[in-house]
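Results of the structural survey
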Amino acid sequence: MKTTLAILTFLFSANVFAKTITLTCVMGDIGDMSIKIEDQGEGKEKLSVILTAMDGVTVRTYVNNNFLNQAASQGLKEGKIQAILSKTNLVASFGGAFLDAGVLELNRNRETQKNEVIFAAEGLVYVATCAQ
């Protein structure tokens, strides 16, 4: 019984500190974009850009889980994130190159208090305004 209680307490504690920040982005008629920052524990974070086509079915996810010392959420607080993400989480899959990579530039507009985002991938540049 004590072991079960200890495990439940640990799991509850771990979930209290696990945090996900989701930004919903308005792009117009090209599709939808979401940006997620997920706490991976021990100061490590995962940044994801999720693109959903207008059909609502086609979803492409670009990931980078190499953020240490809560750098992604700190960048969001400071109003600036620059990152390279890929569909393979920056795992080199062809001669040392990242296939299906994208570049994210996020800047907070101090007047509107929204994040202005440019995400370049798939030969396109997606422009969006994002908020929590």
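This report concerns the structure included in the present document. (Residues numbered from 1 in each chain as written. Predicted model: local features only at pLDDT ≥ 70, side-chain atom pairs only at ≥ 80, totals over all residues. Heavy atoms only, no water.)

Observations regarding helix 2 (residues 71-78)
A turn of α-helix holds 3.6 residues, and therefore any two residues three or four places apart point the same way. Every buried residue belonging to helix 2 is among Ala72, Ser73, Gly75 and Leu76, and all of these are buried. The buried side chains of helix 2 occupy one side of the element, clustering within an arc of 155 degrees when seen end-on. Exposed positions of helix 2 whose direction lies more than 90 degrees from the buried face are Lys77 and Glu78. (Buried < 20%, exposed > 50% of the residue type's maximum accessible area, 1.4 Å probe, protein only. Helix = DSSP H or I, 4+ residues; strand = E, 2+ residues; numbered from the N terminus. Arc of directions from axis to C-beta.)

Observations concerning the packing of aromatic side chains
Per the stated rule, a full pass over the model turns up 2 aromatic pairs. Residues tyrosine 62 and phenylalanine 119 carry aromatic rings whose centres are separated by 5.2 Å and whose planes lie at 65 degrees to one another, so their mutual orientation is edge-to-face. Linking tyrosine 62 in strand 4 (residues 59-67) with phenylalanine 119 in strand 7 (residues 114-121), this pair joins segments that are 57 residues apart in sequence. An identical accessibility class is assigned to tyrosine 62 and phenylalanine 119; each is buried. Joined through ring pairs, the aromatic side chains of Tyr62, Phe119 and Tyr126 make up one cluster. (Phe/Tyr/Trp six-rings, centres within 6.5 Å; stacked < 30°, edge-to-face > 60°.)

Points about the state of the cysteines
Across all of its chains, the model carries 1 disulfide by this definition. Note on cysteine connectivity: cysteine 25 is disulfide-linked to cysteine 130, with sulfurs 2.1 Å apart. Between cysteine 25 and cysteine 130 the disulfide shows an S-S torsion of about 110 degrees. By sign, it is right-handed. A residue pair is termed long-range when its members are at least 10 positions apart, and cysteine 25 in strand 1 (residues 20-26) and cysteine 130 in strand 8 (residues 124-131) qualify at 105 residues. Note on cysteine 25: relative accessible area 4%, which makes it buried. (Disulfide = S-S within 2.5 Å.)

Observations concerning unusual backbone geometry
With the exception of glycine, most residues fall at negative phi, and the peptide bonds are largely trans. Of note in the backbone geometry, asparagine 69 takes a positive phi value of approximately 55 degrees without being a glycine. Tracing the chain through its elements places asparagine 69 in the loop between strand 4 and helix 2. A positive phi angle, close to 60 degrees, is found at glutamine 113, a residue other than glycine. If you trace the backbone, glutamine 113 turns up in the loop between strand 6 (101-109) and strand 7. Classification of glutamine 113 by relative accessible area gives partly exposed; the value is 48%.

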